[in-house]
Amino acid sequence: MQGASINITMSHAKNLALDQESVKQSRDQLFAKKRYKISRFAFDESVAAVFDDMIRRSVPGYQSILQMIGHFCDVYARPATRLYDLGASLGAATHIMAEAAADRDCLVVAVDNSEPMVEKLKITLANPATDVEVVCEDLLDTPITNASVVVLNLAMQFIAPEQRDGLVEKIYHGLNPDGILLLTEKISFEDQARDAHMTELYYAYKKTQGYSDLEIAQKRTALENVLICDTENAHLDRLKSSGFNHVDVWFRVLNFMSLVAVK
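Treat the numbers as computed from the prediction; the structure is a model and nothing was measured.

Visitor: Account for the packing of helix H2 (residues 62–76) against helix H3 (residues 92–100), naming residues and giving values.
Guide: Where H2 meets H3, the axes come as close as 8 Å, and the angle between the chain directions of the two elements is 30°. The pairing of H2 with H3 is recorded here as roughly parallel in orientation. For H2 against H3, the interelement crossing comes out right-handed. Of H3, the residues touching H2 (which contributes Tyr62, Leu66, Gln67, Ile69, Gly70, Cys73 and Asp74) are Ala92, Ala93, Ile96, Met97 and Ala100. Grouping the amino acids of the contact of H2 with H3 by side-chain chemistry returns nine nonpolar, two polar and one charged.

Visitor: For the environment of valine 135, give the residues involved together with the corresponding values.
Guide: For valine 135, the location among the structural elements is in strand S4 (residues 131–136). Valine 135 sits in the buried class, given a relative accessible area of 8%. Placed 13 residues apart in sequence, valine 135 and lysine 122 show a C-alpha to C-alpha distance of 9.9 Å.

Visitor: Which residues make up empty space enclosed by the protein, and what values do they have?
Guide: Inspection of every chain in the model, using the stated rule, returns one cavity of 30 Å³ or more. Put simply, the largest cavity is a space of about 50 Å³. Asp28, Leu30, Phe31, Lys206, Tyr211, Glu215, Ile216 and Lys219 are the residues that line the largest cavity. Top element by residues in the lining of the largest cavity is helix H7 (residues 213–223). It accounts for three residues. Residue composition of the lining of the largest cavity, grouped by class: four nonpolar, no polar and four charged.

Visitor: Just give me the short version of the nonpolar core, but keep the residues and values in it.
Guide: Within the largest apolar cluster, 52 residues are counted, with the highest numbers of intra-cluster contacts made by Met54, Ile69, Leu83, Met97, Val149 and Leu182. Counting residues in hydrophobic clusters, the runner-up holds 31 residues, among them Leu86, Val150, Phe189 and Leu236.

Visitor: Give me the lowdown on the packing of aromatic side chains, citing residues and values where you can.
Guide: Under the criterion given, the structure shown has eight aromatic pairs. Here the aromatic cluster, defined as three or more aromatic residues joined through ring pairs, consists of Phe41, Phe43, Phe51 and Phe158. The ring of tyrosine 211 has arginine 57 sitting right over it, with the charged end atom 3.9 Å from the ring centre. Seen from the ring of tyrosine 211, lysine 206 lies directly overhead, with NZ or CZ sitting 4.9 Å from the centre.

Visitor: Outline the side chain of aspartate 85, supporting the account with residue identities and numerical values.
Guide: Counting through the fold element by element, aspartate 85 comes out in strand S2 (residues 82–86). Buried and without a salt bridge, aspartate 85 has arginine 56 as its closest oppositely charged side chain, separated by 12 Å. A polar contact is formed between the side chain of aspartate 85 and the side chain of threonine 94, at a distance of 2.6 Å. Apart from the residues within four sequence positions on either side, aspartate 85 is in contact with Ala93, Thr94, Met97, Val109, Ala110, Val111 and Val151.

Visitor: I'd like to hear about the pattern of salt bridges, residue by residue, with values.
Guide: Inspection of the entire model under this criterion finds nine salt bridges. A salt bridge links lysine 207 to aspartate 213, with the shortest nitrogen-to-oxygen separation between them at 2.8 Å. The salt bridge involving aspartate 230 is made with arginine 238; its shortest N-O contact spans 3.1 Å. The exposure class of aspartate 230 is buried, given its relative accessible area of 12%. Connected through salt bridges with shared partners, the residues Arg164, Asp165, Asp230 and Arg238 form a single ionic network.

Visitor: Describe the layout of surface pockets, and please don't skip the residues or the numbers.
Guide: Quantified by volume, the largest pocket comes out at close to 1,000 Å³. Considering the residues around the largest pocket, the lining is formed by 48 residues, among which Phe43, Gln157, Phe158, Leu223 and Leu227 are closest to the centre. Contributing elements (two or more residues each) for the lining of the largest pocket: helix H1 (45–58), H3, strand S3 (107–112), strand S6 (175–188), helix H6 (192–208) and H7. The residue makeup of the lining of the largest pocket, split by class, is 26 nonpolar, twelve polar and ten charged.

Visitor: For the pairing of strand S9 (residues 256–262), give the residues involved together with the corresponding values.
Guide: Along any regular strand, the residues point their side chains to alternate faces of the sheet. With seven of seven residues buried, S9 lies mostly within the body of the structure. Where burial is concerned, the two faces of S9 agree: the one with Phe256, Ser258, Val260 and Val262 and the one with Met257, Leu259 and Ala261 are both buried. Note that S6 and S9 share seven bridges and pair antiparallel. Each bridged residue has a counterpart across the sheet, and for leucine 182 the counterpart in S9 is valine 260. With seven bridges connecting them, strand S8 (residues 246–253) and S9 associate as antiparallel partners. Along S9, the bridge assignment pairs valine 247 with alanine 261.

Visitor: An account of unusual backbone geometry is needed here, citing residue identities and associated values.
Guide: The residue asparagine 225 is not glycine, and still its phi comes out positive at about 65°. Residue placement: asparagine 225 occurs in the loop between H7 and strand S7 (230–231). The exposure class assigned to asparagine 225 is exposed, which follows from its relative accessible area of 56%. Of note, leucine 254 is a non-glycine position whose phi angle comes to about 50°, a positive value. On the secondary structure map, leucine 254 appears in the loop between S8 and S9.

Conventions we followed
Residues numbered from 1 in each chain as written. Predicted model: local features only at pLDDT ≥ 70, side-chain atom pairs only at ≥ 80, totals over all residues. Heavy atoms only, no water. Axes fitted to C-alpha atoms, helices over the stretch in contact; angles between N-to-C directions. Helix = DSSP H or I, 4+ residues; strand = E, 2+ residues; numbered from the N terminus. Parallel < 35°, antiparallel > 145°, perpendicular 65-115°, else oblique. Left-handed = near helix turned anticlockwise from the far one by under 90°. Contact = heavy atoms within 4.5 Å. Nonpolar A, V, L, I, M, F, W, Y, C, P; charged D, E, K, R; others polar. Buried < 20%, exposed > 50% of the residue type's maximum accessible area, 1.4 Å probe, protein only. 1 Å grid on protein atoms, 1.4 Å probe; cavity = no way out; pocket = protein on both sides within 12 Å on 5 of 7 lines; lining within 4 Å. Points joined across faces, edges and corners; volume = space filled by probe spheres on them. Core = buried A, V, L, I, M, F, W, Y, C linked by side-chain atoms within 4.5 Å. Phe/Tyr/Trp six-rings, centres within 6.5 Å; stacked < 30°, edge-to-face > 60°. Lys NZ or Arg CZ within 6 Å of the ring centre and 35° of its normal. Lys, Arg positive; Asp, Glu negative; His and termini not counted. Salt bridge = Lys/Arg side-chain N within 4 Å of Asp/Glu carboxyl O. Polar contact = N/O pair within 3.5 Å; in protein donor to acceptor, adjacent residues only side chain to side chain. Pairing = 2+ DSSP bridges.

Laid out in structure tokens, this is it:
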């Protein structure tokens, strides 16, 4: 249900301790067979069922990104503040943020507008290291308050471009002084030749992960006008114009980049 939320605390976590094998991720074969009509990509039940495998095989360095999110949370999470995972999907970053903020009286707020994703996330959060609130809503509608850490992990690219400035400004105003925004995105390049070259290298990487030419082509079609990339400069300009004091690139591989912006 849109707008619904669930508070998961240590006191009643055992009531949600379902066997996590029930949500074990299947191998991503969504585009393995020839499709004569390809629908727009959506985070529906079929995607939720394979999402963990999909993202790990589609994003180079994904595990390193998650580990570094934990590191940044360990350094920047302040006691009695909120940590937001916006576009949480199945909560890979949520889990790591909760572990990093253990014993700091923090609340981790995990937000996603996909009901299938949220339902699986609730199951995996049977025993969080700190309080977690899972909210099923559009992250554009989520108020940001008393925040020390906000994470947008491969989520901005699915927000309409004209709404991105407002989202970053909202996050900036909701962060406490010295709070951080961690942003990971697939990016495009201003130089067309470089963009084409990086795209070619990326598809070659996906082949090493077991994806066929057919799968790559069909998913690309499904994502057209759904996943819209910004350039690195567009991200930097947006963050700086919103008021962030320090913005640094802390990860880059092929056409993926992670930024930390400090208020």
